[in-house]
Amino acid sequence: MLNQDRFNIVKRTLLILFLLLSFSRGQAQFHSAEAVEFSLGYGLTVPFENAGFYGTGFFVQGEYVLGVNEWIDLRPYAGYVKTDMNDNLSGLFEAGEKATANAVLFGGKGRFRIPFDWVAPYAEIGLGGSIGTFQTLTATTEIDENGVYMHIPFSLGVEFGSRHNVNVAVTSYIHPGIKQFSGAIALGIRFPVGYY
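A quick note: this is a predicted structure, and the numbers were derived from the prediction, not measured.

Participant: Pulling in residues and values, what's your account of a nonpolar patch on the surface?
Facilitator: A cluster of nonpolar side chains, F38, W118, V119, F160, V166, V168, L187, I189 and F191, forms an exposed patch at the surface whose accessible area comes to about 820 Å². For the nonpolar patch, the secondary-structure elements that each account for two or more residues are strand 7 (166-175) and strand 8 (180-192). No other element matches the 3 residues that strand 8 contributes to the nonpolar patch. Following the sequence through the fold, L187 ends up in strand 8.

So this is what it looks like as structure tokens:
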């Protein structure tokens, strides 16, 4: 029952978010044509508790870019993160301690950039959902769950190039329901859909 309640909350929230994105797309004068962006990176999962260990793996994501102006983009996204505990890469952890994820990520976010020539630092924030399996096992937390969970995407990065089509970012998906951060250090490339 609890998973069904969470699923309904995520579903309603995402419906509202996509309706807002659709409305703003219809009402706003877009500075640039639409584009798609693909990101690939080194995936990480970290427990909220400062335990000193983390899961490692990979991350991939696709975004549809709707440019409001040169400062702001709206970005519906879908992605995937897969992390496991690795003796060589995950810090010091005891047997049974884990921070792992195997999940599909989806939602919407806004990117706010400072558009300097050739370099544009940015921040992103939004709202989304995750479907998958998560483990957060620490001295005080025992979560080993699968299902649908809400997350808050947050990223800091820098776009490069004359059209800012390449970016490097540290991206995080804050999962309050499973007490962990999922995310990545990622490289992204944007491709215009029409005139850009």
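Participant: Give me the lowdown on the environment of A186, citing residues and values where you can.
Facilitator: As for its position among the elements, A186 is in strand 8. Once residues within four sequence positions are removed from consideration, A186 is found in contact with S39, L40, G41, F59, N167, V168 and A169.

Participant: Could you give me a rundown of the pairing of strand 6 (residues 142-160), with the residues and numbers involved?
Facilitator: Across 17 bridges, the pairing between strand 5 (residues 119-137) and strand 6 is antiparallel. Paired with A120 across the strands is E159, a residue of strand 6. Here strand 5 folds back onto strand 6, and the loop between the two strands holds 4 residues. Looking at chain direction, strand 6 and strand 7 are connected through 9 bridges and run antiparallel. Bridge assignment links P153 to a residue of strand 7, and that residue is Y173. Counted between consecutive antiparallel strands, the loop separating strand 6 from strand 7 contains 5 residues, among which G161 sits at a positive phi close to 105°.

Participant: Just give me the short version of the packing of aromatic side chains, but keep the residues and values in it.
Facilitator: By the definition in use, this model includes 7 aromatic pairs. Ring geometry for Y77 versus Y173: centroids 6.0 Å apart, planes at 50°, classification tilted. On the criterion of sequence distance, the pair formed by Y77 in strand 3 (residues 72-84) and Y173 in strand 7 is long-range, its members being 96 residues apart. Accessibility assignment for this pair places Y77 and Y173 in one class, buried. Through pairs of rings, three or more aromatic residues link up here, namely F59, Y77 and Y173.

Participant: Break down empty space enclosed by the protein for me, citing the residues and quoting the values.
Facilitator: On inspection of all chains with the given rule, the structure shows 1 cavity of 30 Å³ or more. One number sums up the size of the largest cavity: a volume of about 90 Å³. Around the largest cavity sit 15 residues that line it, and S39, E63, Y122, A169 and T171 are the ones nearest its centre. Listing elements by their share of the lining of the largest cavity, those giving two or more residues are strand 1 (35-47), strand 2 (55-67), strand 4 (98-113), strand 5, strand 7 and strand 8.

Participant: Provide a residue-level description of the environment of A184, including the pertinent values.
Facilitator: Along the chain, A184 falls in strand 8. The class for A184 is buried, based on a relative accessible area of 3%. Separated by 124 residues in sequence, A184 and V60 have C-alpha atoms that sit 9.0 Å apart. With residues near it in sequence (within four places) discarded, A184 still touches Y42, G43, F59, A169, V170 and T171.

Participant: Could you give an account of unusual backbone geometry, naming the residues involved and the relevant values?
Facilitator: Positive phi, normally seen in glycine, also occurs at H164, with a value near 55°. By the element assignment, H164 lies in the loop between strand 6 and strand 7. Using a relative accessible area of 13% as the deciding quantity, one classes H164 as buried. Not every positive phi belongs to a glycine, and K179 is a case in point at roughly 55°.

Thresholds, definitions, all that
Residues numbered from 1 in each chain as written. Predicted model: local features only at pLDDT ≥ 70, side-chain atom pairs only at ≥ 80, totals over all residues. Heavy atoms only, no water. Patch = residues over 30% accessible without salt bridge, like charges linked within 9 Å, V, L, I, M, F, W, Y side chains within 5 Å. Areas by Shrake-Rupley, 256 points an atom, 1.4 Å probe, with all protein chains shown as cover. Salt bridge = Lys/Arg side-chain N within 4 Å of Asp/Glu carboxyl O. Helix = DSSP H or I, 4+ residues; strand = E, 2+ residues; numbered from the N terminus. Contact = heavy atoms within 4.5 Å. Pairing = 2+ DSSP bridges. Phe/Tyr/Trp six-rings, centres within 6.5 Å; stacked < 30°, edge-to-face > 60°. Buried < 20%, exposed > 50% of the residue type's maximum accessible area, 1.4 Å probe, protein only. 1 Å grid on protein atoms, 1.4 Å probe; cavity = no way out; pocket = protein on both sides within 12 Å on 5 of 7 lines; lining within 4 Å. Points joined across faces, edges and corners; volume = space filled by probe spheres on them.

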